[in-house]
Amino acid sequence: MTSRIVPATQPGHPAIPAEVERSQLLEIYYYLRLTRTLEERLTALYRQTKVIGGLFRSLGQEGESVASAYALERGRHRDLLSPLIRNLGSMLVMGATPLQILRQYMAKVEGPTRGRELNIHFNDLELGYVGQISHLGDMIPVMAGITLTFKLRREPRVGLVYIGDGGTSTGTFHEGLNFAAVQRCPLVVIGEYNHWAYSTPPAKQFAVTHLAEKAQGYGIPTVTVDGNDVLAVYAAAKHAVERARRGKGVHFIEVKTYRRKGHAEHDDQHYVPEDELERWAKENDPIDRYAKQLIENEWVEAAELTAMDQRIRDEVDRATDACVDEPLPAPETALGGVYADPADTEKLWFRLL
Amino acid sequence: MTSRIVPATQPGHPAIPAEVERSQLLEIYYYLRLTRTLEERLTALYRQTKVIGGLFRSLGQEGESVASAYALERGRHRDLLSPLIRNLGSMLVMGATPLQILRQYMAKVEGPTRGRELNIHFNDLELGYVGQISHLGDMIPVMAGITLTFKLRREPRVGLVYIGDGGTSTGTFHEGLNFAAVQRCPLVVIGEYNHWAYSTPPAKQFAVTHLAEKAQGYGIPTVTVDGNDVLAVYAAAKHAVERARRGKGVHFIEVKTYRRKGHAEHDDQHYVPEDELERWAKENDPIDRYAKQLIENEWVEAAELTAMDQRIRDEVDRATDACVDEPLPAPETALGGVYADPADTEKLWFRLL
Amino acid sequence: MAEITYLEAIRQGLWEEMERDERVFILGEDVGAYGGAFKVTDGFLKRFGESRVIDTPISEAAIVGAAAGAAHMGLRPVAEMQFIDFISCAYDMLTNYVATARYRAGLATPIVVRGPCGGFVRGGPFHSQNPEAAFFHTPGLKIVAPATARDAKGLIKAAIRDDDPVLYLEHKWLYRRIKESLPEGEEILTPIGRARVAREGRDLSIVTYGAMVWKSLEAAEQLDKDGVSVEVLDLRTLLPLDDAAIVATVKKTNKLLIVHEDTRTGGLAGEIAARINEQAFEWLDGPIMRVTAHDVPLPYAPTLEDFVLPQTEDVVKAARWLAAY
Amino acid sequence: MAEITYLEAIRQGLWEEMERDERVFILGEDVGAYGGAFKVTDGFLKRFGESRVIDTPISEAAIVGAAAGAAHMGLRPVAEMQFIDFISCAYDMLTNYVATARYRAGLATPIVVRGPCGGFVRGGPFHSQNPEAAFFHTPGLKIVAPATARDAKGLIKAAIRDDDPVLYLEHKWLYRRIKESLPEGEEILTPIGRARVAREGRDLSIVTYGAMVWKSLEAAEQLDKDGVSVEVLDLRTLLPLDDAAIVATVKKTNKLLIVHEDTRTGGLAGEIAARINEQAFEWLDGPIMRVTAHDVPLPYAPTLEDFVLPQTEDVVKAARWLAAY
Ligand SMILES: Cc1ncc(C[n+]2csc(CCOP(=O)(O)OP(=O)(O)O)c2C)c(N)n1
Ligand SMILES: Cc1ncc(C[n+]2csc(CCOP(=O)(O)OP(=O)(O)O)c2C)c(N)n1
Ligand SMILES: [Mg+2]
Ligand SMILES: [Mg+2]
């Protein structure tokens, strides 16, 4: 039950970590870069006022999102995760497409929620992701129920859910995690210590030093890992996921990372101590670190990554072009699907005048 | 921040523990016996259907209630506690009277809530107790706010709040305790491990062994103590209370005890393992243990206790006689005091016909 | 054809659905070994085992949220609130997560949340609540409130089979007070969304639900002796309201008295009054009137509780007034 | 006399009360260093310090509960919900603990819970809610919803001085859209419980509140050109309703249109319709009608949001219909 800090992956270590294939290293890189490139595109679209509402970046946190999701079994009706707004990378790993994300952010009719919900609030239960609602913490009980079902049916499936350092203060986090722990649900919880909850620093959010300390109140094992070390996160998540799959119950992983943009694009981050952003960007960018590791260890060639970067840019370009001019949903479609039956909500009388 | 188990007070130890006066030993005994005698009287009244609604006993838990409250500074505008239904003893220590309790349970017009609320849901902020509502956990945030006020005003006052093993599963427990911990409120939390939450055993309530483990997620010190060892509870509470008073923040004390009656009088406890009740009654009754300790250590004479028992019976008799035939509140008083202004809620039209 | 209580009817309905469909399971506080605070699930643990009768921690938000998650995965959870008053702790989860899931995300969430509601039992302010008004304002949710043993059974079964989340309000004052002979063998299903004419009448309509159906029927009985013929409509489903049935009875009697146990302001009567204005204004021969509880938290003392809650005598007086209008 | 926005008016009201009364303090998420998500408390930390401007964890139930505790001790807490949608997480605390405290236990709980409500801002289902209906059904609570800058200021000040808990709903669509010149030096206090005639008229009354006051005034302007004279009543306080003002306008115009941004079923319009039936039925020359949002969670896409929410044009059409009745 004790917390241990997983040391950062050693740079210069020559062998590819056990159980990771070279192709997987590249695939992880693909998702990392895709996440960042896609978010940069979203930022551009946001500035052009094509994104509707707010934009939430995961800059600097792509590593933990991608690597943790990558530890799951993917495919139809396999493992299932529930992301937060900053887990775009996790969604992509599970099979959400840039086209879907772009459409959703621009509220297009062809988007996954047909314009009903914003940013990455959407699901594909078959592919394995269930969209959050805004109310922080609520997905923990829901994922407890989803993974309880896996357990009751004796399916070898695992769930994974994210919670921010701020989100751990909610009552639903507590109730859901405790419920899952008692039921020994096959659930992995990723606690994202990214130093901020909007403008609130950890010291005003809780009185412990590490999120992992919170896990101890639930009787579940926990580990703290350098969230910007992609392979360390992957290893920790893989361990927790396979443990859960073996029926050993809930596991809590704290990832230490840093939110390098404001809470959303409108936030000027004036509350952030000077130099802190720069330092994290320069010294501790998860993608830079990962790319360097791949190249320095001679696991891949620099040129492979450059080529992939270009392919990703093209992919995002194509997705953007495909949907940027698509229409918004037709007004009356707003009335469908509140219930299975009746299928449509009644149009109000004054609209018939 | 680590949990330690406070050893039970050594029987046979000859000196009265430091900082406890002989008169205090007797006063503690008085409250213990008063609690039990009063509850026995309530049981009799319940059987005569004079108690309205349910009756919740603290049999076997009087020790921790009385001893923890006794660690507070009492008097007008001093320390303040919030009890649960099984903390009748704590209320008595703070100055609630048997007459008030009897009136409240029988919904008498002269009762402290004039028939509006049940069992020990009532307050006297001057004397230092604030009544709970039924929704478990809600008093933790409220007590966080009360003790935050002590801190903001730099008053040397302390709050104490109880939570059951079951109640720790609520979201409000989590939110309130975390809030208080971050704010370093002068608050002592007594976690009552009494082995049951209605029919639910700890193993179905949480996945830790000790409630104290939960405190670790809040960054507050904690201790586990034999809840049926009156002086051990007192010592632990006194330590925590004075620590809080010195501005050191929240402290969590787990008391291990046992609920020897059903959840309420109607509960036949069929779910309790055989012999368990008998064993706790015989070997580990907090009042018996305490009385034995007082006498064997020659701190008091057995005859003193016997005399006090009789005085208490008389006191409870007098209180009962004083109120048992009192009237219930007049119907229309139900309309007063929803708001400060207007003072009365409107009587509905059909009552004017 | 044995007489069974309202409580036994709920129990039978649940039991039959669990026998019929292995996706149905129960979760809640003390529903297992204890069989539920009111014994609605007594014997279920023994019959269906620990994986279908789950004792939970005291965590209403987690109970409802976990039920939702299981429902997304194809199960049919029935969550018990020990008293319905505690549903307030899951208010966010039920209104924001559960009720919107189909609309915002195409997620089916066929859960039933059930629990004992209502007063007349000296339960005080936190064991007597009628929470329907707080959830009535929630597109995506359905709410049912049976008054009879037949509907208690028929609605729990229909709720479990419904593809949307249903809040099932069982009135604890009716638990052992109402008895009815139900045919064995026959499947009893009460359609959700359909009211029931509990008594036919000509002069005035009472629209009501829950325990107040019985008080209204008593009142109608008394009024009959005065020559006032009262029709009593038992709503059974509160969300969605059965507009057709409400409009039909108003068009028949031209006078409407709405009776509910819940407090007045913001109670369901308001919505019904608005709908009748919109749909049958010209048929009204008098104002739509309400008999409800007074706008105070429900107090504990019998004298106070009886004063605050609407009584048969109140319905009689109000109906007589309206009939004479 | 400078023009200030609705948002600035709230800010000024809060500021003045904090200057006036040192018992007043603010708590909420990001209210300190950040000055609140919408900057309502910008600069407060600097002026009043950390002990009167408290950044809290993300714990709405704890925020409201702690505010209640502090209020019992004599302080005057103002709790911010970052978006009012998150008040749902404190539903139990506000309705069961706070609202009943005076009644059940004689405990004064003078807290203000405030936060941005309402749609028209592409906020999607969880950043656009109008929660009044869920709390309207709560004896012991007061609810205010200013439409003008003057009332935004006058009501926050009155709410802080009120001896009972007040839910203060500030409409985020009005934050920077509404400007008004307020006299400096003069103390602005809007009495709680009193509606305001926002426009006088003869043919028909619109009773409304919040952002819909502006849409209704726009509609009235247009209708005026058609020769339909519309009176607009801005409720300002939702709980307790100002029955006298509502009845007065109905008795004057004999036609009532209730307009609210909230969804239809279970919205406040129902209660108003019921009260007018009870208090002014004979004065009605037509059915009480409602213009409200459609009964769906509020969707995100502009096309959808605009369709779901009531628009000026809807008010115009509905009023024209009712005027012609
Ligand atoms: C229950 C609830 N309260 C408040 C909010 C408003 N809110 C949205 S994000 C946020 C900060 C979240 O911080 P954290 O959990 O650390 O996640 P991060 O943004 O750092 O990824 C807040 C307060 C919310 N979404 N839900
Ligand atoms: C939020 C909430 N849910 C459910 C209940 C119903 N309930 C009352 S007491 C109780 C068991 C409490 O157990 P515990 O906290 O261990 O206290 P104990 O009875 O052992 O003193 C339950 C479930 C409640 N009062 N509040
Ligand atoms: Mg964070
Ligand atoms: Mg217990």
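What this report covers is the structure whose coordinates are included nearby. (Residues numbered from 1 in each chain as written. Chains lettered and ligands numbered in written order. Predicted model: local features only at pLDDT ≥ 70, side-chain atom pairs only at ≥ 80, totals over all residues. Heavy atoms only, no water.)

Of regular secondary structure, chain C possesses twelve helices and 14 strands. The globule rule puts the C-alpha radius of gyration for 325 residues at 20 Å, and the 19 Å found for chain C is close to it. Projected onto the principal axes, the alpha-carbon positions of chain C cover approximately 60 × 45 × 40 Å. Residues counted as buried form 76% of the 325 residues belonging to chain C. In chain C, of all internal contacts separated by at least 6 residues, the share reaching a separation of at least 24 is 82%. Looking at chain C, you have 36 positive and 47 negative side-chain charges, and the mean spots of the two groups are 2 Å apart. (Helix = DSSP H or I, 4+ residues; strand = E, 2+ residues; numbered from the N terminus. Rg over C-alpha atoms; globule rule 2.2 N^0.38 Å. Buried < 20%, exposed > 50% of the residue type's maximum accessible area, 1.4 Å probe, protein only. Contact = heavy atoms within 4.5 Å. Lys, Arg positive; Asp, Glu negative; His and termini not counted. Charge placed at Lys NZ, Arg CZ, Asp CG, Glu CD.)

Taken together, the 35 residues of chain B in the interface contact 36 residues of chain D. Together, E175, F179 and Y339 of chain B form the three largest contributors to the area buried by chain B at its contact with chain D, with a combined 21%. Across the contact surface, chain B and chain D share zero salt bridges. Counting the contacts that link chain B with chain D gives twelve residue pairs in polar contact (both at pLDDT 80 or more). Among the secondary structure elements, those contributing two or more residues to the side of chain B that touches chain D are α5 (139-152) and α6 (171-183) of chain B. Looking at the side of chain B that touches chain D element by element, the count peaks at nine residues for α5 of chain B. Residue composition of the side of chain B that touches chain D, grouped by class: 17 nonpolar, twelve polar and six charged. (Buried area = accessible area lost by both parts, 1.4 Å probe. Salt bridge = Lys/Arg side-chain N within 4 Å of Asp/Glu carboxyl O. Polar contact = N/O pair within 3.5 Å; in protein donor to acceptor, adjacent residues only side chain to side chain. Nonpolar A, V, L, I, M, F, W, Y, C, P; charged D, E, K, R; others polar.)

Another aspect to go through is the interface of chain D and chain A. Taken together, the contacts link 49 residues of chain D with 45 residues of chain A. In total, chain D and chain A occlude about 3,800 Å² of area from one another, counting both sides; carbon and sulfur atoms represent 65% of this. On the surface where chain D and chain A come into contact, there are three salt bridges. E50 of chain D is the salt-bridge partner of K204 of chain A, the closest N and O atoms lying 3.0 Å from each other.

Let us now look at the side chain of N284 of chain A. All names here are of chain A. As for its position among the elements, N284 is in the loop between α10 (276-283) and α11 (286-296). A relative accessible area of 16% places N284 in the buried class. Here the side chain of N284 touches R289 through a polar contact of 2.6 Å, side chain to side chain. Residues within four places of N284 in sequence aside, it is in contact with N228, R279 and R289.

When we look at a pair of aromatic rings, we describe it by the centre distance and by the angle of the planes. The full count for this structure, using the stated rule, is 45 aromatic pairs over all chains. Geometrically, the ring pair formed by W349 of chain B and W321 of chain C is edge-to-face, given 5.2 Å between the ring centres and 65° between the ring planes. Here W321 of chain C lies in helix α12 (residues 312-323) and W349 of chain B lies in the segment after α12 (302-323), a pairing that spans two chains. Accessibility expressed as a relative area gives 31% for W321 of chain C, which makes it partly exposed. Aromatic ring contacts, followed pair by pair, group W349 and F350 of chain A, F281 of chain C together with W321 and Y325 of chain D into a single cluster. The residue whose ring lies beneath R351 of chain A is F307 of chain D, and the NZ or CZ to ring-centre distance is 4.9 Å. Over the ring of W283 of chain C we find K251 of chain C, and its NZ or CZ is 4.0 Å from the ring centre. (Phe/Tyr/Trp six-rings, centres within 6.5 Å; stacked < 30°, edge-to-face > 60°. Lys NZ or Arg CZ within 6 Å of the ring centre and 35° of its normal.)

Moving on to the packing of helix α1 (residues 22-47) of chain A against helix α12 (residues 302-323) of chain A. Residue and element names in this part refer to chain A. Contact pair α1 / α12: the axes reach a minimum separation of 9 Å and the direction vectors enclose 45°. The angle between α1 and α12 places the two elements in the oblique class. Remark: the crossing between α1 and α12 carries right-handed chirality. Between α1, through R22, L26, Y29, Y30, R33, L34, T37, L38, R41 and L45, and α12, the contact on the second element is made entirely by E304, L305, M308, D309, I312, R313, E315, V316, D317 and T320. Considered class by class, the residues forming the contact of α1 with α12 number ten nonpolar, two polar and eight charged. (Axes fitted to C-alpha atoms, helices over the stretch in contact; angles between N-to-C directions. Parallel < 35°, antiparallel > 145°, perpendicular 65-115°, else oblique. Left-handed = near helix turned anticlockwise from the far one by under 90°.)

Now for the sheet that holds strand β6 (residues 142-144) of chain D. All names here are of chain D. Here seven strands make up an open sheet; going across it, the order is β3-β2-β4-β5-β7-β6-β12 and the pairing mixed. Two strands in the sheet have a free side with no partner beyond their single neighbour: β3 (53-55) and β12 (237-239). For this sheet, the mean inter-axis angle between neighbouring strands, taken without regard to orientation, is 20°. Alignment of strand β5 (residues 112-117) against strand β7 (residues 166-171), held across six bridges, turns out to be parallel. Within β7, the residue paired with R114 across the bridge is Y168. (Pairing = 2+ DSSP bridges.)

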